[in-house]
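Reading the structure
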Amino acid sequence: ILNVEQSPQSLHVQEGDSTNFTCSFPSSNFYALHWYRWETAKSPEALFVMTLNGDEKKKGRISATLNTKEGYSYLYIKGSQPEDSATYLCAWGRRSGTYKYIFGTGTRLKVLA
Amino acid sequence: GAVVSQHPSWVICKSGTSVKIECRSLDFQATTMFWYRQFPKQSLMLMATSNEGSKATYEQGVEKDKFLINHASLTLSTLTVTSAHPEDSSFYICSARTPWAEAFFGQGTRLTVV
C-alpha cells in the first residue's frame, strides 16, 4: 500500500503564530517530495521540490525539510497571515518503472485574524 | 512557474454522453502528464499517467474504457469520460511534468452529470 499521509488534517492558528505540518511517505523508491499550496477554486501552486535527504528549502515565511531515510517532510510557516489559509498538499514522487506522484491527504490551514 | 491550461473549467452533461477535458502545457514540453480526481473532502487521487506517444498507465480500480486518455503531442493530453453517469461527477485536474522534474497543475474541471 503506497500511503502518503499528512498531519494534522486541519488546524486553526491565530495570525502571527508559527505552525508546521508533517508529510509521511514510503522511504523506498523515493525520487522527490513536492509541496503545494491549494486555495479553493484555484490550481495548486508549487511551493517546493526536494530530492536529497537533509534538503531544506525556504520561500519567504515558508520553509520545508526532508528526511528520506525515515520518510517524512515538515513544512513550516513563520508568522502566519490570513492569506496563508489554504490546503497544503505534499506529493511523493516515486520512481519504480514509471514515475508518478502520490498525494497526501492535505492539511487545511485556517489563519484567524 | 510553467503554465498548464485545462479546459473546460466546468461542464454539465447528460447521463450517457461523453465529455472531453483538455490539458495543455503552454510554455514547455511535457512528456508526462497526470490525471487526478478529487472525491469530496479527500485528496487528489491519481487516475492515470499519460506519456506522449504511448498508452496511458492506469491506477488500480480506474476503468480504462471509461476514462480514455490520449497524449498525442508533447503539449496536449485529453481525458474523455465516456458514457458519463452521475457517479462520475467530480473534480478532475491534470498536472504536467516539466523536463526539470517539477509538476504544474491545470485549473481543474468540475464535471456534473445530470
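In case you missed it, the structure is sitting above this.
Every value quoted in this text rests on a predicted model; they were computed, and no experiment measured them.

Let us look at the interface of chain A and chain B. On the chain B side, the residues contacting the 18 residues of chain A number 19 residues. Carbon and sulfur atoms make up 61% of the surface buried where chain A meets chain B, a total of about 1,500 Å² over both sides. Close ionic contact of A:K100 with B:E59 constitutes a salt bridge, the shortest N to O distance being 2.7 Å. Taken together, the connections running from chain A to chain B amount to three residue pairs in polar contact (both at pLDDT 80 or more). Elements with a contribution of two residues or more to the side of chain A that touches chain B: β4 (30–38), β5 (45–50), β9 (86–96) and β10 (98–103) of chain A. It is β10(A) that contributes the most residues to the side of chain A that touches chain B, six residues altogether. For the side of chain A that touches chain B, the residue count by class is eleven nonpolar, five polar and two charged.

Residues and elements named next belong to chain A. Across the sheet, which stays open at both edges, the five strands sit in the order β1-β3-β8-β7-β6 with antiparallel pairing between neighbours. Whereas interior strands pair on both sides, the edge strands pair on one side only; in this sheet they are β1 (5–7) and β6 (56–59). In this sheet, neighbouring strand axes are inclined to one another by 15 degrees on average, regardless of whether the strands run parallel or antiparallel. Relative to strand β3 (residues 19–24), β1 runs antiparallel, the two sharing three bridges. Note that in β3 the partner of E5 across the bridge is S24.

With that settled, consider the pattern of salt bridges. In the structure shown here, the tally under the stated rule is eight salt bridges over all chains. With its nearest N and O atoms 2.9 Å apart, the salt bridge here joins A:E39 to A:R37. A residue is classified by how much of its surface remains accessible, and A:E39, at 27% relative accessible area, is partly exposed. B:R24 is the salt-bridge partner of B:E22, the closest N and O atoms lying 3.5 Å from each other.

Next up on the list: the state of the cysteines. With the rule as written, the count across this model stands at two disulfides over all chains. The disulfide partner of A:C23 is A:C90, and the S-S distance across this bridge is 2.0 Å. Here the disulfide of A:C23 and A:C90 is right-handed, its torsion about the S-S bond being about 75 degrees. Placement of the pair is A:C23 in strand β3 and A:C90 in strand β9, with a sequence separation of 67 residues. Pair check on accessibility: A:C23 and A:C90 agree, each one buried. The disulfide that involves B:C23 links it to B:C94, with 2.0 Å between the sulfurs. Looking along the S-S bond of the B:C23-B:C94 disulfide, the torsion reads about 80 degrees, which is the right-handed sense. Taken together, the positions of B:C23 in strand β3 (residues 19–25) and B:C94 in strand β9 (residues 90–97) put the pair 71 residues apart, joining distant regions of the chain.

Criteria and thresholds
Residues numbered from 1 in each chain as written. Chains lettered and ligands numbered in written order. Predicted model: local features only at pLDDT ≥ 70, side-chain atom pairs only at ≥ 80, totals over all residues. Heavy atoms only, no water. Contact = heavy atoms within 4.5 Å. Buried area = accessible area lost by both parts, 1.4 Å probe. Salt bridge = Lys/Arg side-chain N within 4 Å of Asp/Glu carboxyl O. Polar contact = N/O pair within 3.5 Å; in protein donor to acceptor, adjacent residues only side chain to side chain. Helix = DSSP H or I, 4+ residues; strand = E, 2+ residues; numbered from the N terminus. Nonpolar A, V, L, I, M, F, W, Y, C, P; charged D, E, K, R; others polar. Pairing = 2+ DSSP bridges. Axes fitted to C-alpha atoms, helices over the stretch in contact; angles between N-to-C directions. Buried < 20%, exposed > 50% of the residue type's maximum accessible area, 1.4 Å probe, protein only. Disulfide = S-S within 2.5 Å.

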